[in-house]
Structures are given as C-alpha cells and as structure tokens.
Amino acid sequence: MSWKEWRAVERGDLAVIGDPIAHSLSPVMQNAALRHAGLSWGYQAVRVPLEEFDEALGHLAACGLWGLNVTVPIKEAAFAWCTDVDPRLGAANTLDLRTPGRGTNTDAPGFMDTLAELGVQPCRAVVLGAGGSARAVAVALCDAGFQVALHNRTSDRARALRGETGLAIEILEEPVLTGGGLVVNATSAGLGGEAPYVAWETAEPGALAYDLMYGPAQTAFCEAAEARGLRSTDGLAMLVAQGARSFTWWLDIPAPRQAMMRALDEHRRSNR
Ligand code: NDP
C-alpha cells in the first residue's frame, strides 16, 4: 500500500495516521466510498510517530487536510486532543481538524453495528485483552446491556481497565467461556499469527467467537473456535463499520458500506 511520511505531505483532504501505517486498508475502502459518492476528495495513509503527533497535526492542517482517522499508537494522544470524547473510552479514532478539539471514537459503535447485523442479543460476553480496543468493546457491550467478563494475560491491566472505566465487569483469571454467548478476541496476539490461549472446552454450543483482527486468510483465533464447533467472524466487517461511521461523521451523508466492503474483498483477493 502506498503511504507517506507526514513531512512529505504537501496537500490533501482526508487521511489515516499512525505508525506503522503501510498495512492500513482504510485508504482502499475510504477512496472507494468517496468515488461511489461522486466526491473528488482523496484519502491517504500518512506515517505519524507518537512523539511527533502535535507537530504532524499542525503540518497536516496547514496542508489543507481536514478529516483524519487515527490508528495505533496514537489513539490515546488523539483522545487528549479531543474535548468531547467519552472519557471511559480513553481513545479517539476520528478527528475534524476544522474545529479544534472535535473528535470521536467510531470503533465502539462500529463494533456494535456489526453485532446487530449478526443478530447477537445481550448475553454474557467474554472479552480477551485489556488494550484500547478491549476497552472500547467492553464499554460498548456494557452500555448495550451485555454482562461483560474480561480476561487479560496480565491481570493487573484488566483490573486497571475496570478502575479507569468504572464498568461493572467481572475479571477472569482464566479465559473460561462458561455461560457466554460471545467471546471477543481484542488481543494483538494475531499480529504474530497466534491465537490467545482460551479454554475452548468450556465454550457453550452456538456461541459466537469474534476476532477483531483480520487478514488475507482466516485468523488463528477463528480457526481455533471453528475447530471447537463455534461460529466465528473476523474484524473486517468492524473495519468497514467504523470507517463508515467516520465517513458519515465528516461528511454528513450515508456511507456506501457495500462499495467499501467490495473494495476490501477485491483487495483481499488480489493479495492472496
Ligand atoms: P493493544 O496493544 O492496546 O493491546 C493488546 C492486548 O493484547 C493487550 O491486552 C495484550 O496483553 C494482549 N496480547 C498481546 N499479545 C498477546 C498474546 N500473545 N496472548 C495473549 N494476549 C496478548 O492493542 P489494540 O487494543 O489496539 O488492538 C488489539 C487488536 O484489535 C489488534 O489485533 C488490532 O488489529 C485489532 N483491532 C481491530 C479493529 C477493527 O476495526 N477490526 C479496530 C481496532 C483494533 P498484555 O496487557 O498482557 O500485554
């Protein structure tokens, strides 16, 4: 995928910023959405290291960029720039540089959009991980009436998440799934091709295994869940859902989600 260092950007409209950024699929789906909507704006991928966030934001705004998606590792810095994001989330992934401090987090509602599409009703949900996305998922699930249990390999971090968000969640010392209708992998284990350890033998029949990770092939977590007879889904639909919400938040028009998913499918096929 093509991308630029932030200092090399001379002009633009929309972009995703983060570090690393070369792997981001956001330009594929957002440029497809802009084309589908008949808009001539462009969306690019720009590398911004965490320690250069403030300087980079000033430069990009001066180059005319006005809408940003923000990814790892600068979602927390983006949250600090924002004045109106739910403090329980502690992270922002969408900014509007035209209005100082205006930002939002579309990961949490995007995740819930995909659950609604899968027909998942409030139930006991086990969330694996205690990073930014586990936090967004836990907040969104609790707000929607799910009973959330959280397991992280470093359990102090799970407790810190509970303390910082004030959520009424159970902390699991072991990744047991008993009584759960949903298990969400919000760890980054998949980035190394691994699945986090799960006591799959405790899974309820018919439970859904949801991996936030996605890739050209089935993820290790989905593979492990399906080997135990569970349904599974990866994070591609969430990528589209959060991107669609960002698109609508910037432009105030509906996002062409099918065109966005089609562009990603084509990209995925051509990279197999
Ligand atoms: P963070 O770096 O904030 O957190 C990573 C978490 O994974 C930590 O809790 C860490 O545990 C845990 N972890 C890492 N390696 C392992 C391992 N081998 N076994 C068990 N646990 C492990 O990551 P994010 O929350 O930002 O992202 C998590 C995942 O979600 C990534 O794969 C990312 O790509 C995906 N994601 C997908 C989105 C989508 O739109 N589909 C949106 C956002 C994220 P510890 O605390 O012990 O280090």
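Here the structure is shown first, and the text comes after it.
Since this is a predicted model, take the numbers as computed values, not measurements.

A. Representation of the site of the ligand within the structure. Contacts to the ligand come from 23 residues, most closely from Ser133, Asn152, Arg153, Thr154 and Arg157. Within the side chain of Thr154, an N or O atom sits 2.4 Å from an oxygen atom of the ligand. Interatomic distance of 2.7 Å between a side-chain N/O atom of Arg157 and an oxygen atom of the ligand. For the ligand, the protein covers 79% of the area, taking 940 Å² as the surface of the free molecule. Counting residues per element, the ones that place at least two in the shell around the ligand are α5 (132-143) and α8 (236-251). Across the shell around the ligand, the residue classes tally to 10 nonpolar, nine polar and four charged.

B. Representation of the environment of Ala33 within the structure. Note that Ala33 resides in helix α1 (residues 26-36). Remark: the alpha-carbon pair of Ala33 and Met261, spanning 228 residues in sequence, is separated by 9.6 Å. Apart from residues no more than four positions distant in its own chain, Ala33 is found in contact with Phe247, Pro256 and Met260.

C. Up close: the pattern of salt bridges. By the definition in use, this model includes 15 salt bridges. For Asp107, the salt bridge is made with Lys75, and the minimal N-O distance between the two is 2.7 Å. Of this pair, Asp107 sits in helix α4 (residues 107-117) while Lys75 sits in helix α3 (residues 75-81), placing them 32 residues apart in sequence. Overall, Asp107 belongs to the buried group, its relative accessible area being 12%. For Arg124, the salt bridge is made with Glu170, and the minimal N-O distance between the two is 3.0 Å. Of this pair, Arg124 sits in strand β7 (residues 124-128) while Glu170 sits in strand β9 (residues 170-171); the two residues are 46 residues apart in sequence, bridging distant segments of the chain. The structure contains a network of salt bridges with shared partners spanning Glu5, Asp19 and Arg47.

D. Quick peek at the packing of α4 against α8. Look at α4 against α8: their axes get within 8 Å of each other, and the N-to-C directions meet at 125°. Classified by the angle their axes make, α4 and α8 are oblique. Where α4 crosses over α8, the handedness of that crossing is right-handed. In this structure, α4 uses Asp107, Pro109, Gly110, Phe111, Asp113 and Thr114 to contact α8, whose residues at the interface are Ala237, Met238, Ala241, Gln242 and Arg245.

E. Examining the pairing of strand β8 (residues 147-151) more closely. Burial within β8 is extensive, with four of its five residues counted as buried. Of the pairings in the sheet, the one linking β7 to β8 comprises five bridges and is parallel in character. Opposite Ala125, over in β8, you have Val148 as the bridge partner. Examined bridge by bridge, β8 and β9 share two bridges and lie parallel to one another. Each residue of the ladder has a partner; that of Ala149, found in β9, is Glu170. For the crossover that starts at β8, traverses helix α6 (residues 155-165) and ends in the parallel β9, the hand is right-handed.

F. Focus on helix α2 (residues 53-62). Taken as a whole, α2 has its buried residues at Phe53, Ala56, Leu57 and Leu60. Each buried residue of α2 sits inside an arc of 105° when the element is viewed along its axis, so together they form one side. Away from its buried face by more than 90 degrees, α2 exposes Asp54 and Ala62. Here the buried face of α2 lies against β2 (14-18), β3 (43-47), β4 (67-70), α3 and β5 (94-96). At the C-terminal side of α2, Gly64 shows a positive phi close to 95°.

G. Main features of empty space enclosed by the protein. This structure, assessed with the given rule, holds one cavity of 30 Å³ or more. Of the pockets and cavities examined, the largest cavity occupies roughly 30 Å³. Surrounding the largest cavity, Val126, Leu177, Gly180, Leu182, Val183, Ala203 and Ala207 form its lining. Looking at the lining of the largest cavity residue by residue, the classes come out as six nonpolar, one polar and no charged.

H. Highlighting the packing of aromatic side chains. Tallying each qualifying case throughout the model produces four aromatic pairs. Seen in terms of ring centroids, Trp41 and Trp66 are 5.1 Å apart; in terms of plane orientation they differ by 70°. Their pairing is edge-to-face. Residue Trp41 is found in the loop between α1 and β3, and its partner Trp66 is found in the loop between α2 and β4; the two are separated by 25 residues along the sequence. By relative accessible area, which is 9% here, Trp66 ends up buried. Look at Trp200 and Phe221: their rings are 5.4 Å apart centre to centre, the planes differ by 50°, and that puts the pair in the tilted class. Residue Trp200 is located in the loop between β10 (182-185) and β11 (208-211), and its partner Phe221 is located in helix α7 (residues 220-227); the two are separated by 21 residues in the primary sequence. The residues Trp200 and Phe221 share a single accessibility class, namely buried. Above the plane of the ring of Trp249 lies Arg102, whose end atom (NZ or CZ) is 3.9 Å from the centre.

Reading guide: rules and limits
- In this numbering scheme, every chain counts its residues from 1 along its sequence in written order.
- Residue-level local features of this predicted model are given only where pLDDT is at least 70; pairs of side-chain atoms are given and counted only at 80 or more, and the full residue set underlies all totals for whole chains, interfaces and linings.
- No hydrogens and no water enter the side-chain calculation; it runs on all heavy atoms of the structure.
- The rule for a residue being near a molecule or strand is that one of its heavy atoms must lie within 4 Å of it.
- Under this definition, polar contacts are N or O atom pairs within 3.5 Å; protein pairs additionally need one hydrogen-donor-capable and one acceptor-capable atom, and for neighbouring residues in sequence, both atoms have to be side-chain atoms.
- Note on areas: these come from Shrake-Rupley sampling with a 1.4 Å probe, and a residue is covered only by the protein chains present in the view.
- To qualify as a helix, a DSSP run of H or I must reach at least 4 residues; to qualify as a strand, a run of E must reach at least 2; elements of each kind are numbered from the N terminus.
- For this scheme, ten residues count as nonpolar: Ala, Val, Leu, Ile, Met, Phe, Trp, Tyr, Cys and Pro. Four count as charged, namely Asp, Glu, Lys and Arg, and the remainder, Gly too, count as polar.
- Residues count as neighbours in contact if any of their non-hydrogen atoms are within 4.5 Å of one another.
- The term salt bridge refers to a pairing of a side-chain nitrogen on Lys or Arg with a carboxyl oxygen on Asp or Glu at a separation within 4 Å.
- Partly exposed describes any residue whose relative accessible area lies between the buried limit of under 20% and the exposed limit of over 50%, with all areas from a 1.4 Å probe on protein chains only and scaled to the type maximum.
- Every axis in this analysis is a line fitted to C-alpha atoms, fitted for helices over the stretch in contact. Angles between the N-to-C directions lie between 0 and 180 degrees.
- Here the angle decides the label: under 35 degrees means roughly parallel, over 145 means roughly antiparallel, 65 to 115 means roughly perpendicular, and every other value means oblique.
- Each crossing gets its hand from how the near helix is turned against the far one by less than a right angle, where anticlockwise is left-handed and clockwise is right-handed.
- Paired strands, in this sense, are two strands between which DSSP finds at least two bridges.
- For the handedness criterion, the strands are oriented away from the viewer, and a crossover whose path from the first strand over the helix to the second runs clockwise is classed as right-handed.
- Arc definition: it is the arc formed by the directions from the helix axis to the C-beta atoms.
- We place a 1 Å grid over just the protein atoms. Points where a 1.4 Å probe fits but has no way out form a cavity, open points with protein on both sides within 12 Å along at least 5 of 7 lines form a pocket, and any residue with an atom within 4 Å of a point lines it.
- Grid points are joined across faces, edges and corners, and a volume is the space filled by probe spheres set on the points.
- A pair of aromatic rings is counted whenever rings of Phe, Tyr or Trp (Trp by its six-membered ring) have centres within 6.5 Å, and the orientation is called stacked for planes under 30 degrees apart, edge-to-face for over 60 and tilted otherwise.
- Two limits define a charge over a ring: the Lys NZ or Arg CZ must be within 6 Å of the ring centre, and within 35 degrees of the ring normal.

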